Amino acid sequence: MSDDSLPCLAKVELRVTCKGISDRDALSKPDPCVLIKMKSHGQWLEVDRTEVIRSSISPTFSKVFTVDFYFEEVQRLRYELYDISSNHNGIKEADFLGAMECTLGQIVSQRKLTKPLLKQGSTVSKSFIMVTAEELTGNDDYVELSFSARKLDDKDFFSKSDPFLEIFRMNDDDTLQLVHRTETVMNNLNPVWKTFKTSLNSLCSGDHDRPLKCTVWDWDSNGKHDYIGEYQATFKEMRGAMDGRQVQWECINPKYQIKKKNYKNSGIVILNQFKLPFDCHLSSQVAIDFTASNGDPHNSCSLHYIHPYQPNEYLKALVAVGEICQDYDSDKMFPAFGFGAQIPPDFKCYCVCVLFWVFPTYVYGCAGIQGVVEAYQTCLPKLQLYGPTNIAPIIQKVASSASQEMHTKEAMQYFILLILTDGVITDMADTREAIVQASHLPMSIIIVGVGSADFSDMQMLDGDDGILRSPKGEPCLRDIVQFVPFRNFKHGSPAELAKTVLAEVPNQVVDYYNNKGIKPKGGHTKEQPN
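Values in this document were obtained by computation on a predicted structure and should not be read as measured data.

Colleague: When you look at the side chain of E80 in this model, what are you seeing that I'm missing?
Modeller: Tracing the chain through its elements places E80 in strand β5 (residues 76–83). Polar contacts involving the side chain of E80 include one to the side chain of Y82, which spans 2.8 Å.

Pasting the structure below:
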């Protein structure tokens, strides 16, 4: 599990839907339940589980899993689907229907992750599971709601209706997202449902006028629930119940409205209580040092030596940090930079996916970190390592993209530049100036020092021991540089390196948005008073 001392990037709500669950019992439908597990120290530990939905082959679970996710860690999740007999709720005696494994970063970056469920022996079943992610900003972004109803239609012959309420958020593409499903109140036309809590993000995506579709059903044990009626509401309307006042809606059955001449409604739904207790995409970029001080790549002593079975230090650092970044990268395409090499005139003929060079400039995108690795390995034998070690042009290039993003006023992208270098840079003054200017932009810089050189100047760029200033004395607006010498982690696990390198990034992202007073597109802020 994650170290509690490390700041998480956000709290994430995960919701689960399954499709096409096969009937194990020909006489009845399955009673599905999903367990969510997280890997910790090599063991799968149960975090939580959904409710059991009776008689359903395509359940949409109302249970919300709230998880802290840490940018600097790979958090592995496992979803297990069981058919739980109506006679008991125990997992031990339940039938295992399949499982799906993924990382939390994959779900967050894709927003909706759909994968087949695997049975025992890794065989693929016909069932699918879809997990959706909603990012939260804090505990103050929740609302507490309490509903009741009166004079609902009676749908049963020998008893009264067994009503439950479902609330759906209407998305921009006209799809519906289940926000909450109440418990069923048995044999009661005037039910009072339990108070529940939901995030404002789930309820209305920060849009207080967003329509909510609310549906009332009469529960049946065979899963074929009887429709009672529905109504539409908004967060703004619900807010009317803040001071203890009741807000109510007529529950309407459209078919009855058309067919029945004197039809008024199918009951009244009442909101008895309303209590009120940032979304961006990351663009990762890589820069690799090809100066002569790294040593001849054909020599086993070189930091760039390509061993047939053992990755060199550049590759170890690139993969350790890059695999974390790519989970959160919006398009999984990594612009890759190189500096300090002499390039043959016909260099573009040698490979399709090449590194991005500052002098001269070739622009290509690499598909994920593996694409960068392949480009690095392909390009290296064609180059002559040279110099100097100038990184200011690279920072300025990424800063140019970040500046364009800042001017959109939407903060859709935050840029992370990963620089891998073996020694002291030769354009320190220009680099300081570039970093100070970049501190005003949506970007962070991660520098990994490879080899055994003196990295004291790099420590100064980090700014942990004092505010970095430009040659003219202008201070950094915020700390955006993290420097880590690879030698400190040479014999440790890649996860340790990634955790240390990326630990400061979440706070740097939050600081940028707070300083600018803007919110990422799709996120939300508290409503300002009228």
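Colleague: Would you mind going over the sheet that holds strand β12 (residues 196–199) with me for this structure?
Modeller: Strands belonging to one sheet form pairs held by backbone hydrogen bonds; the direction of such a pair is parallel or antiparallel. Here 4 strands make up an open sheet; going across it, the order is β12-β9-β16-β15 and the pairing antiparallel. Strand pairing shows two members of the sheet lacking a second neighbour, β12 and β15 (247–250), which therefore form its edges. For this sheet, the mean angle separating the axes of adjacent strands, direction not counted, is 35 degrees. Inspection of the sheet shows β15 paired to strand β16 (residues 268–275) by 4 bridges, in the antiparallel sense. Paired with W249 across the two strands is V269, which belongs to β16.

Colleague: Explain the state of the cysteines to me, please; I cannot follow it from the model alone.
Modeller: Here is the idea: a disulfide is a covalent bond, and it sits between the sulfur atoms of two cysteines. Applying the stated criterion across every chain, the model contains 0 disulfides. Cysteine C251 is unpaired, with the sulfur of C214 as its nearest cysteine sulfur at 9.4 Å. The buried category is assigned to C251, whose relative accessible area is 0%.

Colleague: What is the right way to look at the pairing of strand β2 (residues 32–40) in this model?
Modeller: Consecutive side chains of a regular strand alternate in pointing toward one face of the sheet and then the other. Among the 9 residues of β2, 8 are classified as buried, and the element is accordingly described as predominantly covered. Sheet analysis places β2 next to β5, joined by 7 bridges and oriented antiparallel. Counted as the bridge partner of L35 is E80 from β5. Inspection of the sheet shows β2 paired to strand β3 (residues 43–49) by 6 bridges, in the antiparallel sense. Along β3, the bridge assignment pairs K39 with W44. Counting the residues that bridge the hairpin from β2 to β3 gives 2 residues, and of these H41 lies at a positive phi of roughly 55 degrees.

Colleague: Help me understand the pattern of salt bridges in this model?
Modeller: Opposite charge on two side chains lets them pair, provided their charged atoms get close. Counted by the stated rule, this structure contains 14 salt bridges. Put simply, D68 and K11 hold a salt bridge, and the shortest N to O gap is 2.8 Å. With D68 in strand β4 (residues 65–69) and K11 in strand β1 (residues 10–19), this residue pair connects regions lying 57 residues apart in the sequence. Residues joined in a network through salt bridges with shared partners are K37, R78, E80 and E101.

Colleague: Could you clarify how one ought to interpret the pairing of strand β18 (residues 333–339) in this entry?
Modeller: The buried count for β18 comes to 5 of 7 residues, which makes it a mostly enclosed element. In terms of strand pairing, strand β17 (residues 281–289) meets β18 through 4 bridges, oriented parallel. Within the sheet, the bridge partner assigned to A287 lies in β18 and is F337.

Colleague: For this particular structure, what's the right way to read the packing of helix α7 (residues 392–406) against helix α8 (residues 428–438)?
Modeller: Each pair of packed helices gets described by two things: the angle between the helix axes and the distance between those axes. Where α7 meets α8, the closest approach of the two axes is 8 Å, and the angle between their N-to-C directions is 20 degrees. By the angle between their axes, α7 is roughly parallel relative to α8. For the pair α7 and α8, the crossing hand works out as left-handed. On α8, the residues that touch A392, I395 and Q396 of α7 are D430, T431, A434, I435 and A438. Of the residues belonging to the contact of α7 with α8, the class tally is 5 nonpolar, 2 polar and 1 charged.

Definitions and cut-offs
- Residues numbered from 1 in each chain as written.
- Predicted model: local features only at pLDDT ≥ 70, side-chain atom pairs only at ≥ 80, totals over all residues.
- Heavy atoms only, no water.
- Helix = DSSP H or I, 4+ residues; strand = E, 2+ residues; numbered from the N terminus.
- Polar contact = N/O pair within 3.5 Å; in protein donor to acceptor, adjacent residues only side chain to side chain.
- Pairing = 2+ DSSP bridges.
- Axes fitted to C-alpha atoms, helices over the stretch in contact; angles between N-to-C directions.
- Disulfide = S-S within 2.5 Å.
- Buried < 20%, exposed > 50% of the residue type's maximum accessible area, 1.4 Å probe, protein only.
- Salt bridge = Lys/Arg side-chain N within 4 Å of Asp/Glu carboxyl O.
- Parallel < 35°, antiparallel > 145°, perpendicular 65-115°, else oblique.
- Left-handed = near helix turned anticlockwise from the far one by under 90°.
- Contact = heavy atoms within 4.5 Å.
- Nonpolar A, V, L, I, M, F, W, Y, C, P; charged D, E, K, R; others polar.

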